[in-house]
Amino acid sequence: MNYFSDISFVTCGISDWVDNCAVDRHFEGYYGIQYIFEGEIFAKVDDNPVEIADGPLAFITYPGVSFSYGSRPGTLRRQAHICFKGERVKRYIRSGLLELREQDLFIRITANEPFMQTLRSLLKYQRIPGESQHARAVLLLEELLLQLREQAPGSAGTANPYVHSLRLLREKIADAPQADWDFEREAERLSVSYVHFRRLFRQVTGWSPGQYLLECRLRHAEKLLMTSRLRISEISSECGFEDEFHFSRIFKKHRAMSPSRLRTLYGMQE
């Protein structure tokens, strides 16, 4: 059975030292990840201003607009591309996994080595016929899109210098969501204002600090509800909620069922 029949690859490849000065393209019916892993590139969409940056970076191409991109005369770049189409792509766009931009096109690849390894693995599977190989290639495409979302958004020239610190903080929150986190104090540790801290945190995680903390607490609660025999009041306390009533109300709002209902579904009773 082909689990990923709703997406297909149009063209994929790696080009060493491309020297074309400019390419005007309409990507009719398909989308692409254009990955510049060395050298300079300029690009623009329709009549928007031209953007110029050095790799490693990536930008997304898509239907419905005109792309113009290339290298300045006398310069070279190393580039890879993965182009794809299908109904599944619409889900990527709706969920925010695939973001279509008309400006601030370039995404700085701050973790270049894992991005390249994932891309090479995708190219390997994409060349081999067979449903299993296609499925693995699709999963690797989704991993690439996820890695792109984890980079600092905006232009490649304005990378977030706090990425490493904020990723560490993200992991600490996920490891201890029950802790009494003070995000104003975390902002002070980075020597930035709280307003700027919130903006930076959202760039790295896709969530505001409060939203991210709540999601981590809810996921921790789900795990305890499904795997432990703790009382719901104990789980509430263990996950950092004020009390059982508050926990139950928030859980039902975000998970569309009560904690006791989830527990019953998994056969776990107090």
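Everything here concerns the structure above.
Counting starts from 1 at the beginning of each chain's written sequence and moves along it residue by residue. A pLDDT threshold of at least 70 governs which residues receive local features in this predicted model, and a stricter bar of 80 or more applies before side-chain atom pairs are shown or counted, although totals over entire chains, interfaces and linings include all residues. Neither water nor hydrogens contribute to the side-chain values; these are computed over all heavy atoms in the structure.

### A word on the environment of Leu 140
Here comes step 1: Mapping Leu 140 onto the fold places it in helix 3 (residues 131-150).
Here comes step 2: The cut-offs for exposure are 20% and 50% of the maximum accessible area for each residue type, with area from a 1.4 Å probe on protein chains only; residues under the lower value are buried, those over the upper are exposed, and the others partly exposed. Among the residues examined, Leu 140 registers a relative accessible area of 19% and is labelled buried. The helix and strand labels rest on DSSP assignments: H or I over at least four residues marks a helix, E over at least two residues marks a strand, and numbering proceeds from the N terminus.

### A word on helix 2 (residues 112-127)
Here comes step 1: Over its 16 residues, helix 2 runs 23 Å from end to end, which matches the ideal 22 Å to within 8%, given 1.5 Å per residue.
Here comes step 2: Along helix 2, the positions that sit buried rather than exposed are Phe 115, Met 116, Thr 118, Leu 119, Leu 122 and Leu 123. The arc that holds the buried residues of helix 2, viewed along the axis, is 160°, so those residues lie on one side.
Here comes step 3: In what follows, residue pairs with any heavy atoms lying within 4.5 Å of each other are defined as contacts. In this fold, the buried residues of helix 2 make contact with strand 1 (8-18), strand 3 (31-45), strand 7 (77-85) and helix 3. Expected helix span is given by 1.5 Å per residue-to-residue step, counting one fewer step than there are residues. Relevant arc is that of directions from the helix axis to the C-beta atoms, nothing else.

### Examining the environment of Glu 28
Here comes step 1: Tracing the backbone through its elements, the reader meets Glu 28 in the loop between strand 2 (23-25) and strand 3.
Here comes step 2: Spatially, the C-alpha atoms of Glu 28 and Val 65 are 8.9 Å apart, while their sequence positions differ by 37 residues.

### Thoughts on the side chain of Gln 79
Here comes step 1: Among the structural elements, Gln 79 can be located in strand 7.
Here comes step 2: The buried category is assigned to Gln 79, whose relative accessible area is 8%.
Here comes step 3: Polar contact is the term for a pair of N or O atoms within 3.5 Å; when the atoms are in protein, one must be able to donate a hydrogen and the other to accept it, and sequence-neighboring residues count only if both atoms are side-chain atoms. Polar side-chain contacts of Gln 79 include one of 2.6 Å to the side chain of Arg 77.
Here comes step 4: If we ignore the near neighbours within four places in the chain, the residues touching Gln 79 are Gly 13, Ile 14, Ser 15, Gln 34, Tyr 35, Ile 36, Phe 37, Ile 41 and Tyr 69.

### As for the state of the cysteines
Here comes step 1: The disulfide definition used here is simple: a pair of cysteine sulfur atoms within 2.5 Å. Within this structure, the stated rule accounts for 0 disulfides.
Here comes step 2: Just so you know, Cys 83 is unpaired, no disulfide at all, and the nearest cysteine sulfur is the one on Cys 12, 7.1 Å from it.
Here comes step 3: For Cys 83, a relative accessible area of 3% puts it in the buried group.
Here comes step 4: Left unpaired, Cys 216 is separated from the closest cysteine sulfur, that of Cys 239, by 11 Å.

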